[in-house]
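Summary of the model geometry
Take a look at the letters that make up each chain.
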Amino acid sequence: MAVDFQQIIIGAGFSGLGAAIRLQQSGRSDFIVFEKANQIGGTWRDNVYPGCACDVPSHLYSFSFAQNPNWSRVFSRQPEILAYMEDCVDRFHLRDKIRLNTGISALKFQEKQGSWKVETESGESFTARTVLLGLGPLNVPKIPRIEGQDSFTGVQFHTAKWCTDHDVTDKRVAIIGTGASAVQIIPEIAKKVKQLFIFQRSPPWVGPRPDAAVNSVIQGLFRRLPFLLWLPRTLIYRYLEFRGRGLFGNPSAHQQMQKRALRHIKESISDPNLREKVTPKYQIGCKRILLSEDYYPALQLPNVELITEAVTTIEGNTIVGAEGTRREIDTLIYATGFDAASYEKGINITGLNEQSLSDCWSAAGPEAYLGTTISGFPNLFSIIGPNTGLGHNSMIHMMESQFNYILSYLDLLEQRNALYLDVKTERQVAYNEDIQAQLAGMVWSTGCNSWYQMDDGKNTTLWPGPTTTYRQHTRKVEAADYVIQEKDAISDALSRV
Ligand code: NAP
């Protein structure tokens, strides 16, 4: 049977949109993008909390093939990033290729046809030769179970489900967590709430954020001479790679990083007691390093209290810390992060031999080859899959490496007129053993508790090194890494019907 589409992309965030653009640029236009929500944008659609911005400079945190001369700040805020993504959809004429409000419930590989059957939540089904998963790593909110939570008489919500109808002005607000989202929210809401109680379980390392507006003369120059956009992009990229060596086992670079962050605390906070409270007890880089100029000043506002306790109980309108601190509140914000290990996002994925992906990953956690292809699940790609995350540079750079790899895979599939390519199990196993061996000696394995690791300590999220190495590995698919299933006469005939 002929397929409905050559490619189906699931998700219209940065991964899905970027993949769509690159497919189109390679001359492949028989694809569709299914998006569960009623708008494109992924994380930049979902996160609308006050102060939401990217902590990677925008001239780098954007597609290299769709650079933007109009960024208004070094670190752009969420509305501007979402507007950029909408603009990309128009610029590359993708609107008609995207079907919104279409959640996917199941994917099933049809071995004889060498294609995927894709089922939607509303009961439709489609077929495609290949499927690209652009599901995003950080969009399943993690809300801790707290005794008495359901008895809370105020308004409570997670940062990624910001309650825009609820005005926090003059309210007594508690925020649980001091990660990347909290550090952006706290300075914004501290200005307007009556009281802000921050429940901190462990302090983050926070470095300075050199933000600034981009001068209109510079924007005009970039518009007239767009090739100049490569200059800030390259400089920022190289600088972040250079700085990243502090995370990859260079002790003096790591020490420098920690010294700079300690100096940031000293220069921002005069009270020794508060300095002590915000100084992490784990090595810098073990959790994501945060950037903010206004977080430490916000902690020193008279209406803000940093409580160094986890939350144990909620009783009506009272929140109770592990050491017994009790505060009456109107609003409770969970800045408690995401479930980063749930790569399949509830989609039931069945590969060769009726094997389910969640069963396959249940024992050792998510594993793929180059974070992109998965043994036993041919013609399927996970964009920002296992061990492709970064603590030091732009994720869009990693996605673009994966796009190169996927296009190379499609070239090989077409050149060989193959039914499917399946990455060899032994290749995937050896690759993951190597990744884990590298990670074992790196800063992320030095004993802190972070979303980079599973409960047993295995790091299934991060790429253990410079992005330049990943770019090299993903430049071209090596045919020897794959079982290449040739089309037989019957399947060839079927695929043409
Ligand atoms: P996060 O970094 O995982 O932080 C979660 C916070 O909640 C931590 O402080 C954690 O404390 C605390 N926490 C979790 N469970 C708790 C519990 N049961 N009781 C008390 N405290 C609890 O989450 P996030 O701030 O949402 O950020 C997640 C990721 O999103 C970031 O690492 C980043 O990759 C991404 N992000 C990026 C940007 C950007 O600018 N690019 C902005 C926001 C988010 P412990 O540290 O003690 O576990």
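Cut-offs applied
Residues numbered from 1 in each chain as written. Predicted model: local features only at pLDDT ≥ 70, side-chain atom pairs only at ≥ 80, totals over all residues. Heavy atoms only, no water. Buried < 20%, exposed > 50% of the residue type's maximum accessible area, 1.4 Å probe, protein only. Helix = DSSP H or I, 4+ residues; strand = E, 2+ residues; numbered from the N terminus. Pairing = 2+ DSSP bridges. Domains from an automatic or database assignment. Contact = heavy atoms within 4.5 Å. Buried area = accessible area lost by both parts, 1.4 Å probe. Salt bridge = Lys/Arg side-chain N within 4 Å of Asp/Glu carboxyl O. Polar contact = N/O pair within 3.5 Å; in protein donor to acceptor, adjacent residues only side chain to side chain. Nonpolar A, V, L, I, M, F, W, Y, C, P; charged D, E, K, R; others polar. Axes fitted to C-alpha atoms, helices over the stretch in contact; angles between N-to-C directions. Near = heavy atom within 4 Å. Phe/Tyr/Trp six-rings, centres within 6.5 Å; stacked < 30°, edge-to-face > 60°. Disulfide = S-S within 2.5 Å.

Here we look at the pairing of strand β6 (residues 125–133)
The two faces of the sheet receive side chains in turn, since in a regular strand these alternate between them. Along β6, eight of the nine residues are buried, which leaves the element largely enclosed by surrounding structure. Sheet topology places strand β1 (residues 5–10) next to β6; five bridges connect them, and they run parallel. Across the sheet, the residue bridging to Ile9 is Leu132, located in β6. Across four bridges, strand β5 (residues 115–120) lies against β6 in antiparallel orientation. Opposite Glu119, over in β6, you have Ser125 as the bridge partner.

Things to note about the domain arrangement of the protein
How big an interface is tends to be expressed through the accessible area that disappears when the partners come together. On domain assignment, one finds that the protein holds domain 1 (5–140 + 339–496) and domain 2 (149–229 + 247–334). Here the C-alpha centre of domain 2 lies 30 Å away from the C-alpha centre of domain 1. Contacts between domain 1 and domain 2 engage 35 residues on the former and 31 residues on the latter. Across the domain 1/domain 2 interface, buried area totals approximately 3100 Å², and carbon plus sulfur atoms make up 57% of it. For the domain 1 face of the interface with domain 2, the top three residues by lost area are Tyr49, Pro50 and Asp55, together amounting to 19%. Between Asp211 and Arg73 there is a salt bridge, with its nearest N and O atoms 3.0 Å apart. Along the contact surface separating domain 1 from domain 2 lie 13 residue pairs in polar contact (both at pLDDT 80 or more). Tallied by class, the residues present in the side of domain 1 that touches domain 2 amount to 17 nonpolar, 14 polar and four charged.

Section: the sheet that holds strand β16 (residues 331–334)
A sheet is described by the order of its strands in space; here five strands give the open sequence β7-β16-β8-β9-β12, paired in parallel fashion. Every other strand in the sheet has two partners, leaving β7 (155–158) and β12 (304–307) as the edge strands with one partner each. Sheet twist, expressed as the average angle between the axes of neighbouring strands with direction ignored, equals 15 degrees. In this sheet, β16 lies alongside strand β8 (residues 172–176) in parallel orientation, the contact comprising four bridges. When the sheet's bridge partners are listed, Val173 is paired in β16 with Thr331.

With respect to the site of the ligand
The local shell around the ligand holds 23 residues, among which Asp55, Ala180, Ser181, Ser202 and Lys287 are the closest. Take Thr178: an N or O atom from its main chain is 2.9 Å from an oxygen atom of the ligand. In this structure, Gly179 approaches the ligand through a main-chain N or O atom, which is 3.5 Å from an oxygen atom. Counting residues per element, the shell around the ligand draws most heavily on helix α4 (residues 180–190), which supplies three residues. Here the shell around the ligand is built from residues that sort into ten nonpolar, nine polar and four charged. Shared between two domains, the shell around the ligand takes at least three residues from each, and those domains are domain 1 (5–140 + 339–496) and domain 2 (149–229 + 247–334).

Some thoughts on the pattern of salt bridges
Under the counting rule described, the total for this entry stands at 24 salt bridges. In this structure, Arg91 engages Asp87 in a salt bridge whose closest nitrogen and oxygen atoms are separated by 3.4 Å. Of this pair, Arg91 and Asp87 are both found in helix α3 (residues 78–91), four residues apart, which corresponds to roughly one turn of the helix. Under the relative-accessibility criterion, Arg91 is labelled partly exposed at 36%. On the accessibility criterion, Asp87 (36% relative accessible area) is partly exposed. Across the pair Asp481 and Arg427 runs a salt bridge whose closest N-O atoms are separated by 3.1 Å. Separated by 54 residues along the polypeptide, Asp481 in the loop between α13 (467–473) and β20 (482–486) and Arg427 in helix α12 (residues 425–440) bring together distant segments of the chain. One connected set of salt bridges, linked through shared partners, spans Arg28, Asp411 and Glu414.

Some thoughts on the packing of aromatic side chains
All chains considered together, the criterion is met by 20 aromatic pairs. On the numbers, 5.6 Å between centres and 45 degrees between planes, the contact of Tyr295 with Tyr296 is tilted. The pair Tyr295 / Tyr296 is uniform in exposure class, with both members buried. A centroid spacing of 5.6 Å and a plane angle of 90 degrees characterise the contact between Tyr409 and Tyr482, whose relative ring orientation is edge-to-face.

Focus: the state of the cysteines
Evaluated as defined, the whole model comprises one disulfide. Each sulfur of the disulfide joining Cys286 and Cys448 lies 2.0 Å from the other. One quick way to see it: the torsion about the S-S bond of Cys286 and Cys448 is about -95 degrees, and its sign makes the bridge left-handed. Of this pair, Cys286 sits in the loop between α8 (272–278) and β11 (290–291) while Cys448 sits in the loop between α12 and α13, and the two are 162 residues apart along the sequence. Its relative accessible area of 0% is what places Cys286 among the buried residues. Cys448 sits in the buried class, given a relative accessible area of 9%. We note that Cys52 lacks a disulfide partner, and the nearest cysteine sulfur, in Cys54, lies 8.8 Å from it.

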